[in-house]
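# Analysis of the macromolecular model
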Amino acid sequence: MVIQSNLLSPFDLHGLQLRNRIVLAPMTRGRAGEERIANPLMARYYAQRASAGLLITEATVISEQANGWNNSPGIYTEEQAKGWQLVVDAVHKKGAPIFLQLWHCGRASHRSFFKNNQLPVAPSAIKIEGDTIHTPIGKMPYEVPRALETEEIPLIVEDYRVAAKRAKEAGFDGVEIHAANGYLIDEFLESKTNKRTDRYGGSLENRFRFLREIVEAVITVWPAARVGVRLSPNGIYNDMGSPDYIETFTHAASQLDQYKVAYLHVLNGLAFGFHELGKPMQLADFRAVFKQALIGNCGYTQETGEEAIEKNCADLIAFGRPFISNPDLVERFAHNWPLNPPARMKDWYSDTEEGYTDFPVYEAQPVKS
């Protein structure tokens, strides 16, 4: 018997009809190979999870300069766009919409990713402290990035526009701008990583300028109602967390609301860690200044997702890790079936089917007469 559920109810995303409110969260899986081209294995993976109301792809780099993760996919060549068509077609055959997430790694990269051995770029020359990065030449310490010159920034904005255009040509239903988790856009937003003295640094408005220009460029290709933005106000991933985080992300959300973008995708959960610089920002804080759709993410369970929608804190809930080992997560929620054991972390970023497309769907036992 199918249970009654907020998560399973339909949702109208600015004219895009979602059959439920469960979203496949973007998760880097590293199956695109050295050429960063989406392939039939990836198409199978996304199609397996296409009972979700909306699918958001793994982060996809917009240029060679944007690279920073082994075997992650790209969208900066025609071949890469054609590869993504396989994925889009497979998902559409299952009746689901899919958005492509646009990504620039910024300082979360290493010179070994680049043909000319250049340093990764960032708003300011501040390196990630602590952990190491997996690179084409093995595990390496993070480097001090090169601060972008003012005149270089519009060139990156144009890379976003062209990537959005290629995503449209590949057949996607929309795009999500990845402005979270300590990657380039987040580095511009946060005062911890942005010490610039030009028009892209200092005030809230100046630090938001880079994201503003990207949104304005992307909506020349897509209607604003097909463009989402992802933020991580509470996160420490990639050595983030700024004392003025509440002001920064409240300002960003209120400004994005003026563009009437499709949704704001907020990592409000604390499963990736919390900077502890004050109280965690909640979805209600964003609901107060952002009137379009809100997606909650990071550590949600079926129960907490139901509660967030019931309380009108969120319209949709994105699930990540539970979707890795449960391609039929929607059906399991619908029938209250148990979940598969979590996937092993060593399989998350491998280049094989193991830990990717080999998880079993639930086999309901026939009712005895």
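Going by the structure above, here's the rest.
Residues numbered from 1 in each chain as written. Predicted model: local features only at pLDDT ≥ 70, side-chain atom pairs only at ≥ 80, totals over all residues. Heavy atoms only, no water.

### Overview of the side chain of Q101
Mapped onto the elements, Q101 comes out in strand β5 (residues 98-103). Within the local environment of Q101, its side chain forms a polar contact with the side chain of E176, the two groups lying 2.7 Å apart. Excluding its chain neighbours within four sequence positions, the residues that come into contact with Q101 are P26, I56, T57, E58, A59, T60, E176, H178 and R230. (Helix = DSSP H or I, 4+ residues; strand = E, 2+ residues; numbered from the N terminus. Polar contact = N/O pair within 3.5 Å; in protein donor to acceptor, adjacent residues only side chain to side chain. Contact = heavy atoms within 4.5 Å.)

### Considering the packing of helix α3 (residues 153-169) against helix α5 (residues 204-218)
The packing of two helices is summarised by the inter-axis angle and the distance between the axes. Where α3 contacts α5, the axes come no closer than 9 Å and their chain directions differ by 35°. The two elements α3 and α5 cross, and the hand of that crossing is right-handed. Only F210, E213, I214, A217 and V218 of α5 make contact with α3, whose side of the interface consists of I153, I156, V157, Y160, R161 and A164. Among the residues making up the contact of α3 with α5, the classes are represented as 9 nonpolar, no polar and 2 charged. (Axes fitted to C-alpha atoms, helices over the stretch in contact; angles between N-to-C directions. Left-handed = near helix turned anticlockwise from the far one by under 90°. Nonpolar A, V, L, I, M, F, W, Y, C, P; charged D, E, K, R; others polar.)

### A look at empty space enclosed by the protein
If you roll a probe as big as a water molecule over the atoms, it shows you where there is empty space left. Applying the stated criterion across every chain yields a total of 2 cavities of 30 Å³ or more. Computed from the structure, the largest cavity encloses a volume of approximately 50 Å³. Forming the boundary of the largest cavity are N181, S232, G235, I236, Y237, L267, G269, F272, G273 and C298. Looking at the lining of the largest cavity, its residues break down into 5 nonpolar, 5 polar and no charged. Quantified by volume, the second largest cavity comes out at close to 30 Å³. Taken together, L24, A25, M27, R29, Y45, Y46, I56 and E58 form the lining of the second largest cavity. Those elements giving two or more residues to the lining of the second largest cavity turn out to be α1 (40-48) and β4 (54-61). Counted by class, the lining of the second largest cavity contains 6 nonpolar, no polar and 2 charged residues. (1 Å grid on protein atoms, 1.4 Å probe; cavity = no way out; pocket = protein on both sides within 12 Å on 5 of 7 lines; lining within 4 Å. Points joined across faces, edges and corners; volume = space filled by probe spheres on them.)

### A closer look at the pairing of strand β14 (residues 316-319)
Of the two faces of β14, the one holding L316 and A318 and the one holding I317 and F319 are both buried throughout. In this sheet, β14 lies alongside strand β3 (residues 22-24) in parallel orientation, the contact comprising 3 bridges. Note on β14: the bridge partner recorded for I22 is I317. One ladder, built from 3 bridges, connects strand β13 (residues 293-297) with β14; its direction is parallel. Paired with I295 across the two strands is L316, which belongs to β14. As for the winding sense of the linkage, the β-α-β connection from β13 through helix α8 (residues 302-310) to β14 is right-handed. (Buried < 20%, exposed > 50% of the residue type's maximum accessible area, 1.4 Å probe, protein only. Pairing = 2+ DSSP bridges. Right-handed = clockwise from strand over helix to strand, strands pointing away.)

### Here we look at the packing of aromatic side chains
Considering all chains together, one arrives at 13 aromatic pairs under this definition. Ring geometry for F188 against Y200: centres 6.3 Å apart, planes inclined by 75°, an arrangement best described as edge-to-face. One end of the pair, F188, is in helix α4 (residues 184-189); the other, Y200, is in the loop between α4 and α5, and 12 residues separate them in sequence. Of the two residues, F188 and Y200, neither departs from the other in class, the shared state being buried. Pairwise contacts between aromatic rings join Y45, Y46, W84, F172 and Y356 into one cluster. Lying across the ring of W222, K168 places its NZ or CZ 5.5 Å from the centre. (Phe/Tyr/Trp six-rings, centres within 6.5 Å; stacked < 30°, edge-to-face > 60°. Lys NZ or Arg CZ within 6 Å of the ring centre and 35° of its normal.)

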